[in-house]
Amino acid sequence: MTKSISMLRLTAIAFAAFSLQALPVAAQALPEAIKQAGVIRIGVKCDSPPFGASGTDGKPAGIEIELAKQIGVAAFGAADKAELSCVATDARIPSLTGGKIDLIIATLGKTPSREQVIDYSDIYYWGSSRVIVPKDSKVQKLADLDGKSMLIIKGGSQLKWLKERIPSLEFVQLNTNADNLQALQQGRADGYVGDAITIATLAANYPEFRTLEEPVDLGFNGVGIRKGEEELKAFVNAVLKKLKDEKFYSKTVPAFVTDPIVAAEMLTSFETDPPAAQ
């Protein structure tokens, strides 16, 4: 009888251990403050389709929005437990460090200067940036931008890369993609630099522009996390791994990207390791 009870106990322990291994996300503890709040507050972009934009109902919609919702599901079992807030590019990190949000999932490129202020999750997206110019522009390659002006989102990581290579290039920094698009239409600068997918989307919708073939920089996007929050970082990394293993992006990207060429490029960036990691 004693032997049978011992065997049952061992079987129960083994099953419990197996269950924890089978549920890596659930096995990761959330910080107590987030547990007590009952929601996880996430800053997202609302002006960068297809990553994040304002939907027809006025609510955020996009690939990163769906990612943020999955973190809510993993944390509390429901997508609406991810409390989403639209954040401008230059307000992303101050909103995080100031305690207004718990995470940033807002096209946040990983840079050495940002890493001094915040931590990052594992990379979930990589890609280059591109430059868009008016169709009749004489600019054919990056070198032709010597002495010209460039629109860029405030806080955009491409500025440093371009400045190192084209020191004479002047920058006009505006708050949103919409602001930059309008400024380019008004002729207030010679070009606009942004992540490749945003630029490809603009080029597809605005035939008066064309995209330079040369890529700008190689960027790596991760979830922004406050320094020292190792529990939360482990939780987020577990969610990201689970979603990648389950081909979450293969199901999500086509819902927001209708162009098959753009969709294929995005899936490569979401589902494969970046060149530097290969």
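Structural data are supplied above this passage.
Residues numbered from 1 in each chain as written. Predicted model: local features only at pLDDT ≥ 70, side-chain atom pairs only at ≥ 80, totals over all residues. Heavy atoms only, no water.

Student: What exactly am I supposed to notice about the overall build of the protein chain here?
Tutor: In terms of helices and strands, the protein chain carries 11 helices and 12 strands. Restricting the contact set of the protein chain to residue pairs at least 6 apart, pairs at least 24 apart contribute 70%. (Helix = DSSP H or I, 4+ residues; strand = E, 2+ residues; numbered from the N terminus. Contact = heavy atoms within 4.5 Å.)

Student: Just checking my understanding: could you explain the environment of Leu-103 for this structure?
Tutor: Here Leu-103 is to be found in strand 6 (residues 103–105). Given a relative accessible area of 0%, Leu-103 falls into the buried group. Placed 63 residues apart in sequence, Leu-103 and Ile-40 show a C-alpha to C-alpha distance of 8.0 Å. Apart from the residues lying within four places of it in its own chain, the contact partners of Leu-103 are Ile-40, Arg-41, Ile-42, Gly-43, Ile-71, Leu-96, Val-223, Gly-224, Ile-225, Leu-232 and Val-236. (Buried < 20%, exposed > 50% of the residue type's maximum accessible area, 1.4 Å probe, protein only.)

Student: So what exactly am I meant to see when it comes to the side chain of Asp-47 here?
Tutor: Structurally, Asp-47 can be placed in strand 2 (residues 47–48). Here the side chain of Asp-47 touches Lys-45 through a polar contact of 3.3 Å, side chain to side chain. Engagement of the side chain of Asp-47 in a polar contact is seen with the side chain of Ser-48, the distance being 3.3 Å. Residues in contact with Asp-47, not counting those within four places in the same chain, are Gly-52, Ala-53, Asn-175, Thr-176 and Asn-177. (Polar contact = N/O pair within 3.5 Å; in protein donor to acceptor, adjacent residues only side chain to side chain.)

Student: Sorry if this is basic, but what is going on with the packing of aromatic side chains here?
Tutor: For any pair of aromatic rings, geometry is given as the distance between the ring centres together with the angle between the planes. Inspection of every chain in the model, using the stated rule, returns six aromatic pairs. Ring geometry for Tyr-125 against Phe-270: centres 4.6 Å apart, planes inclined by 55°, an arrangement best described as tilted. With Tyr-125 in strand 7 (residues 118–134) and Phe-270 in helix 11 (residues 260–271), the pair connects residues that are 145 residues apart, well separated along the chain. Among the residues examined, Tyr-125 registers a relative accessible area of 7% and is labelled buried. A connected cluster of aromatic rings, assembled from ring pairs, spans Phe-51, Tyr-125, Phe-248, Tyr-249 and Phe-270. (Phe/Tyr/Trp six-rings, centres within 6.5 Å; stacked < 30°, edge-to-face > 60°.)

Student: Which parts of the structure should I look at to understand the sheet that holds strand 2?
Tutor: Pairing between the strands of a sheet is mediated by backbone hydrogen bonds and can be parallel or antiparallel. Spatial ordering of the open sheet is given by 2-3-4, a layout of three strands whose pairing is antiparallel. The outermost strands of the open sheet, each flanked by one partner alone, are strand 2 and strand 4 (60–61). Bridge analysis of strand 3 (residues 52–54) against strand 4 gives two bridges, and the strand direction is antiparallel. By the bridge assignment, Ala-53 is partnered in strand 4 with Ala-61. (Pairing = 2+ DSSP bridges.)

Student: It is not clear to me how the nonpolar core should be interpreted in this structure. Could you clarify?
Tutor: Here is a general trend for soluble globular proteins: nonpolar side chains tend to be buried in one another's company. Within the largest apolar cluster, 35 residues are counted, with the highest numbers of intra-cluster contacts made by Ile-42, Leu-103, Tyr-124, Leu-232, Tyr-249, Met-266 and Phe-270. Not counting chain neighbours up to four residues away, the residues in contact with Ile-42 comprise Ala-68, Ile-71, Ala-82, Glu-83, Leu-84, Ser-85, Ile-101, Leu-103 and Ile-105. Membership of the second largest hydrophobic core comes to 15 residues, among which are Val-133, Ile-152, Trp-161 and Leu-162. (Core = buried A, V, L, I, M, F, W, Y, C linked by side-chain atoms within 4.5 Å.)

Student: Can you walk me through the pairing of strand 8 (residues 149–153) in this structure?
Tutor: Each regular strand shows side chains that alternate between the opposite faces of the sheet. For strand 8, the tally of buried residues reaches five of five residues, placing the bulk of the element in the interior. Burial along strand 8 is two-sided: the residues Ser-149, Leu-151 and Ile-153 and Met-150 and Ile-152 are all buried. Bridge count between strand 8 and strand 9 (residues 170–174): five bridges; the pairing is parallel. Across the sheet, the residue bridging to Ser-149 is Glu-170, located in strand 9. Running through helix 6 (residues 158–165), the crossover from strand 8 to the neighbouring parallel element strand 9 is right-handed. Sheet topology note: the strand 8/strand 10 (residues 191–195) ladder contains two bridges and is parallel. By the bridge assignment for strand 10, Met-150 is matched with Gly-191. (Right-handed = clockwise from strand over helix to strand, strands pointing away.)

Student: Help me out: how do you make sense of unusual backbone geometry in this one?
Tutor: Negative phi is the rule for most residues except glycine; trans is the rule for most peptide bonds. Following Pro-49, the chain continues to Pro-50 via a peptide bond in cis, the omega torsion being 5°. Its place among the elements puts Pro-50 in the loop between strand 2 and strand 3. Of note in the backbone geometry, Lys-247 takes a positive phi value of approximately 60° without being a glycine. If you trace the backbone, Lys-247 turns up in the loop between helix 9 (230–245) and helix 10 (248–256).

Student: Whenever I open this one, the pattern of salt bridges confuses me. Can you help?
Tutor: Any two side chains of opposite charge can pair, on the condition that their charged atoms come close. Inspection of every chain in the model, using the stated rule, returns 13 salt bridges. The salt bridge partner of Asp-245 is Lys-241, with a shortest N-O separation of 2.8 Å. Taken together, the residues Asp-245 and Lys-241, both in helix 9 and four residues apart, mark about one turn of the helix. Salt bridges sharing partners connect three or more residues here, namely Arg-41, Asp-102, Arg-226 and Glu-229. (Salt bridge = Lys/Arg side-chain N within 4 Å of Asp/Glu carboxyl O.)

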